[in-house]
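A structural walkthrough
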Amino acid sequence: MRILVTGGAGRLGYSVSRQLVENGQTVRVFDLPQVDWSHVERLGVEAFKGDITDQGSVTDACKDVDAVVHLAALLPPRSESSRELTMKVNVSGTENILNSINSDTPIVLTSSISTYGITANAKPPINETYPQTPHNNYSKSKISAEKVVMDAGNPTSILRIAPISVADLVELPDSIPYRSDQRVEFIFVDDAACAIVISLKVCDDREIYNIAGGKSWQMTGTEYIDRFYAALGVEVEPVFSEEYTAVDWYDTEKGERLGYQRTSFNQLEKKLEVLGMEMGLR
Amino acid sequence: MEKALENLDRVIEKVSDEAAKKRLGEARKVISQNRKKIWLRTKTGKPMALETQAVTENILEASDIEYALSELEAHVDKITEESRRRSMVVT
């Protein structure tokens, strides 16, 4: 099978492409020409450099593909500086793909748990039936993209993915985008990629899934930051948001059949400890 | 990095050319914004911090400020790129 991975040169895209290649699939990666292609090109994928907002470019990229994994999107904070551009990339970009594939071609859409809006006052965990509440450009665009895909009628899996965590040294932003006492649940990048790859096989069900790390990843904002940087061996002085933001604990029972929750938070800590030693931080 | 900032302050004070002063100010701003980055404490980051100090010392002593300034700007670009690469991933 030839699978098109849009946004495939990013961190999540790389992990998806790697897992697909390891599964024996032919992978065509579509991403902007100016991004760093060096890692993904080493996987032996077909590199297709173009812009998701350009229908011609997308049509060419979709030629002879048997399935699409659609990751390309404008993410926060960049999405919040232009509503127009965010809708163009995240919604029109999705339409461009659907215009370019047959109605029976499966498509996995990566959406986001941020489409539930700010749920601090709700009773956790948040499941897939919780009302979607757009609160910024990004969540608005993802809700619209979900509708575009559902309306198109293709076989699909829509994945509302929690914020991604990586086993790497990640710098703290000036302000952490959640409160210190807020419920947060992230997911390890390779597990999110695993969910995407497996969900390709169940597109006929046309289901929507929450994709998050699971119970071991459910903690408060301050616990996440403390444990992450302690594992790396770094003392940090984080400044948290004073407002609640769109991260919470999620009900991932429906997606359990995908079998993607393979990395506990404790296992991430072990990976970070090794990295911290290799980097001379511990 | 603090020493590099001190060096740049001295150069900025000394230089009379306004265009060069502006470029030095921009480089100083990047160094100041990045001086507490965690990656500068790693095995690969520490040499970068030392190199930052060295390129600012070169400017202090340079007879050809243009060449030394270009060297500083190229170095600052590397700092910016590494910090961008390590910025927090949020979806």
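A short tour of the structure in this document, coming up. (Residues numbered from 1 in each chain as written. Chains lettered and ligands numbered in written order. Predicted model: local features only at pLDDT ≥ 70, side-chain atom pairs only at ≥ 80, totals over all residues. Heavy atoms only, no water.)

Along the backbone of chain B there are four helices and zero strands. Ordered by position from N to C terminus, the α and β elements of chain B give α-α-α-α. By the compact-globule yardstick of 12 Å for 91 residues, chain B fits well, its C-alpha radius of gyration being 13 Å. With 91 residues in all, chain B has 42% of them scored as buried. For chain B, contacts bridging at least 24 residues in sequence account for 62% of all contacts bridging at least 6. Accessible surface computed for chain B: about 5,300 Å², of which carbon and sulfur atoms make up 51%. Distance between charge centres in chain B, computed from 18 positive and 17 negative side chains, equals 9 Å. (Helix = DSSP H or I, 4+ residues; strand = E, 2+ residues; numbered from the N terminus. Rg over C-alpha atoms; globule rule 2.2 N^0.38 Å. Buried < 20%, exposed > 50% of the residue type's maximum accessible area, 1.4 Å probe, protein only. Contact = heavy atoms within 4.5 Å. Areas by Shrake-Rupley, 256 points an atom, 1.4 Å probe, with all protein chains shown as cover. Lys, Arg positive; Asp, Glu negative; His and termini not counted. Charge placed at Lys NZ, Arg CZ, Asp CG, Glu CD.)

With that settled, consider the environment of A:Lys123. By the secondary structure assignment, A:Lys123 is in the loop between strand E5 (107-112) and helix H5 (137-152). In the structure, A:Lys123 is positioned 126 residues away from A:Trp249 in sequence and 9.4 Å away in space, judged by C-alpha atoms.

So, about the pairing of strand E2 (residues 26-31) of chain A. Residue and element names in this part refer to chain A. Most of E2 sits inside the fold, with five of its six residues counted as buried. Both strand E1 (residues 2-6) and E2 contribute to a ladder of five bridges, which runs parallel. Bridge pairing in E2 links Thr6 to Phe30. With helix H1 (residues 11-22) bridging E1 and its parallel neighbour E2, the resulting β-α-β unit is right-handed. Sheet topology note: the E2/strand E3 (residues 46-49) ladder contains four bridges and is parallel. Bridge pairing links Phe30 to Phe48 in E3. (Pairing = 2+ DSSP bridges. Right-handed = clockwise from strand over helix to strand, strands pointing away.)

This part takes up the pattern of salt bridges. All names here are of chain A. For the structure on display, the rule yields 25 salt bridges over all chains. Measuring nitrogen to oxygen at the nearest pair gives 2.7 Å for the salt bridge that ties Lys147 to Asp151. Linking Lys147 with Asp151, this pair stays in helix H5, spanning four residues, or about one helical turn. On the accessibility criterion, Lys147 (53% relative accessible area) is exposed. (Salt bridge = Lys/Arg side-chain N within 4 Å of Asp/Glu carboxyl O.)

All names here are of chain A. Mapping Gln182 onto the fold places it in the loop between strand E7 (164-165) and strand E8 (183-185). Polar contacts involving the side chain of Gln182 include one to the main-chain carbonyl oxygen of Thr245, which spans 2.8 Å. Dropping the residues within four chain positions of it, Gln182 is found in contact with Met219, Thr220, Gly221, Glu243, Tyr244, Thr245, Ala246 and Val247. (Polar contact = N/O pair within 3.5 Å; in protein donor to acceptor, adjacent residues only side chain to side chain.)

In this assembly, 13 residues from chain B lie in contact with 27 residues from chain A. Contact between chain B and chain A buries roughly 1,800 Å² in total, counting both sides, with carbon and sulfur atoms accounting for 60%. The interface formed by chain B and chain A includes nine residue pairs in polar contact (both at pLDDT 80 or more). When the residues that make up the side of chain B that touches chain A are grouped by side-chain class, the tally is five nonpolar, three polar and five charged. (Buried area = accessible area lost by both parts, 1.4 Å probe. Nonpolar A, V, L, I, M, F, W, Y, C, P; charged D, E, K, R; others polar.)

Moving on, we come to the packing of aromatic side chains. In this description, an aromatic ring pair is defined by two values, namely the gap between the centres and the angle between the planes. Residues and elements named next belong to chain A. Per the stated rule, a full pass over the model turns up ten aromatic pairs over all chains. An aromatic cluster of at least three residues, connected via ring pairs, comprises Tyr178, Phe186, Trp217, Tyr224, Phe228, Tyr229, Phe240 and Phe265. Taking the ring centre of Tyr244 as reference, the NZ or CZ of Arg179 above it sits at 4.4 Å. Taking the ring centre of Tyr209 as reference, the NZ or CZ of Lys254 above it sits at 5.7 Å. (Phe/Tyr/Trp six-rings, centres within 6.5 Å; stacked < 30°, edge-to-face > 60°. Lys NZ or Arg CZ within 6 Å of the ring centre and 35° of its normal.)

On to the sheet that holds E2(A), then. Residues and elements named next belong to chain A. Taken together, the seven strands give an open sheet; going across it, the order is E3-E2-E1-E4-E5-E6-E10, and neighbouring strands pair in parallel fashion. The open sheet has two free edges, formed respectively by E3 and strand E10 (207-211), since each of these has just one partner strand. Sheet twist, expressed as the average angle between the axes of neighbouring strands with direction ignored, equals 20 degrees. Running over the sheet, helix H6 (residues 189-199) touches strand E4 (67-70), E5, strand E6 (156-161) and E10 and is turned about 165 degrees from E6. (Axes fitted to C-alpha atoms, helices over the stretch in contact; angles between N-to-C directions.)

This paragraph deals with the nonpolar core. By size, the foremost hydrophobic cluster in this structure holds 91 residues, and its most contacted members are A:Leu12, A:Val16, A:Tyr224 and B:Leu72. Per element, the largest residue contribution to this core is eight residues, and it comes from H6(A). With residues up to four places along the chain from it excluded, the contact list for B:Leu72 reads B:Leu8, B:Leu24, B:Ala27, B:Ile31, B:Val55, B:Thr56 and B:Ile59. Grouped together as the second largest cluster of nonpolar side chains are 23 residues, A:Phe30, A:Cys62, A:Val89 and A:Ala145 included. (Core = buried A, V, L, I, M, F, W, Y, C linked by side-chain atoms within 4.5 Å.)

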